[in-house]
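# Close look at the chain arrangement
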Amino acid sequence: MPRTPPPIPAIRTIGLMQPMTWLVLAWRDMARAGWISFAHGLALTLFGAAIFAVAHHRFWLLAGALSGFLVVAPVLATSLYALSRALERGEAANLGVVLKTWLNWQNSHVNKWGRDYWCMLQFGALLALAASGWVMTSAALITLLAPVPIETPLDFLRHVVMARDGWLFEIWLALGSLMAAPIFASSVVAMPLLLDRRATLLQAVLTGWQAVITNPLPMAFWAAIILGFTLLGLGSLLLGLIAVMPMLGHASWHAYRDLVDASSLPERDLVAPAVPNASVRRPGGTS
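Residues numbered from 1 in each chain as written. Predicted model: local features only at pLDDT ≥ 70, side-chain atom pairs only at ≥ 80, totals over all residues. Heavy atoms only, no water.

Across the chain, the bulk of peptide bonds are trans and the bulk of non-glycine residues have phi less than zero. The phi torsion at Leu-237 lies on the positive side, around 60°, for a residue other than glycine. Examined against the element boundaries, Leu-237 turns out to sit in the loop between helix H12 (216-235) and helix H13 (241-259). With a phi close to 75°, Leu-238 is a non-glycine residue in the positive phi region. Structurally, Leu-238 can be placed in the loop between H12 and H13. (Helix = DSSP H or I, 4+ residues; strand = E, 2+ residues; numbered from the N terminus.)

Listed below in structure tokens is the structure:
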């Protein structure tokens, strides 16, 4: 008999401009969390700088590596979700929350062999695989189709972006968008849900897809905001990522809380095994 898909949480309908509220709430969380929030952005900036230092003369690789690295950003932002979760509950949002998120994950499981024990690791591995695939695809595309060797950002701008003949840049963008769309749908609420509730990986991914299907225009707007701020961060010699990365991470938590009614799933406690209980109410009456 065919297996029945796991039940997914109820999805709420939101307004087109709701993503702007998520950004406002994100800045509030950043102000309340303080340096620990911005430290995430600094870490991402330093890692991006390391990638640039290694591949700055191989821009055919750099273009894919930087964009591929951002594919796995939802996993890297896990402790930002935990900080916003703590603030929402009236708890301290400090280094201890970050350490518990990354080091005490195994304590939130009653059954170490349960389906949800490795779910976040599995999701991170899938995103890393997708990022690696894009890096190789991007590098191969630019290497094979560029009229001259692309070694620097200026070469990419001159011979790919501003090339009068050929459609390499358009093909590169289209292929990147084609790969990014399902990744966005799969990850838009998956990591916050896995952090917050005892859900399987399949439940989390299907919840993200349902959220996008239910709210196509607001989620397209949210994707455009993410892309715009990411490009702004990259275009500022990566320095903008110090603020952009935590802002988008905290905003993603609020996106999850507005989009998903996860009260049907038991809560996950990062310190001790959790038991099902009532969901925490958000300001405004949502749960």
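We now examine the pattern of salt bridges. Tallying each qualifying case throughout the model produces 6 salt bridges. In this structure, the salt-bridge partner of Asp-29 is Arg-28, at a minimum N-O distance of 3.9 Å. For Glu-88, the salt bridge is made with Arg-257, and the minimal N-O distance between the two is 2.9 Å. One end of the pair, Glu-88, is in helix H5 (residues 78-88); the other, Arg-257, is in helix H13, with 169 residues separating them in the sequence. What you see here is one network of salt bridges that share partners, running through Arg-85, Arg-89, Asp-196, Arg-197 and Glu-267. (Salt bridge = Lys/Arg side-chain N within 4 Å of Asp/Glu carboxyl O.)

Between H12 and H13, whose axes approach to 9 Å, the crossing angle comes to 165°. When the interaxial angle is binned, H12 and H13 end up roughly antiparallel. Crossing angle aside, the handedness with which H12 passes H13 is left-handed. Across the interface between the two elements, Met-219, Trp-222, Ile-226, Phe-229, Thr-230, Gly-233 and Leu-234 from H12 touch Leu-241, Val-244, Met-247, Leu-248, Ala-251, Ser-252, Ala-255 and Leu-259 from H13. In terms of residue class, the contact of H12 with H13 is built from 12 nonpolar, 3 polar and no charged. (Axes fitted to C-alpha atoms, helices over the stretch in contact; angles between N-to-C directions. Parallel < 35°, antiparallel > 145°, perpendicular 65-115°, else oblique. Left-handed = near helix turned anticlockwise from the far one by under 90°. Contact = heavy atoms within 4.5 Å. Nonpolar A, V, L, I, M, F, W, Y, C, P; charged D, E, K, R; others polar.)

Moving on, we come to a nonpolar patch on the surface. The grouping of Trp-35, Leu-95, Leu-99, Trp-102 and Leu-103 at the surface amounts to a nonpolar patch, some 570 Å² of accessible area in total. Broken down by element, the residue count for the nonpolar patch peaks at 4 residues, all from helix H6 (residues 95-103). By secondary structure assignment, the location of Leu-103 is in helix H6. (Patch = residues over 30% accessible without salt bridge, like charges linked within 9 Å, V, L, I, M, F, W, Y side chains within 5 Å. Areas by Shrake-Rupley, 256 points an atom, 1.4 Å probe, with all protein chains shown as cover.)

Moving on, we come to the UniProt feature "transmembrane region" (unreviewed entry) in the protein. Per the UniProt record, "transmembrane region" (unreviewed entry) is annotated on residues 33-52, 59-83, 123-146, 167-195 and 219-244. Helix makes up 95% of residues 33-52 and strand 0%, with an end-to-end C-alpha separation of 29 Å. Helix and strand shares over residues 219-244 are 81% and 0% respectively, and the end C-alpha atoms of the span are 19 Å apart. (UniProt positions renumbered as here; feature names shortened; annotations may be inferred.)

Among the nonpolar cores identified, the biggest contains 53 residues, and Trp-22, Phe-123, Trp-222 and Leu-259 are the most heavily contacted of them. Among all residues touching Leu-259, those that are not within four sequence positions of it are Ala-10, Ile-11, Arg-12, Ile-14, Trp-22, Val-189, Ala-211, Asn-215 and Met-219. Ranked by size, the runner-up nonpolar core spans 10 residues in total, among them Leu-141, Ile-142, Ala-146 and Ile-150. (Core = buried A, V, L, I, M, F, W, Y, C linked by side-chain atoms within 4.5 Å. Buried < 20%, exposed > 50% of the residue type's maximum accessible area, 1.4 Å probe, protein only.)

Another aspect to go through is the packing of aromatic side chains. All told, the structure shown has 3 aromatic pairs when counted by the stated rule. Judged by centre distance (6.1 Å) and plane angle (20°), the ring pair of Phe-169 and Trp-172 falls under stacked. With a gap of 3 residues between them, Phe-169 and Trp-172 both fall in helix H9 (residues 168-187), about one helical turn apart. On the basis of relative accessibility, which here comes to 12%, the residue Trp-172 falls in the buried class. (Phe/Tyr/Trp six-rings, centres within 6.5 Å; stacked < 30°, edge-to-face > 60°.)

What follows deals with the side chain of Ser-186. Position of Ser-186 relative to the elements: it lies in helix H9. Only 2.8 Å separates the side chain of Ser-186 from the backbone oxygen of Pro-182, close enough to count as a polar contact. Not counting the four nearest positions on each side in its chain, Ser-186 is found in contact with Phe-123, Ala-204, Val-205 and Trp-209. (Polar contact = N/O pair within 3.5 Å; in protein donor to acceptor, adjacent residues only side chain to side chain.)

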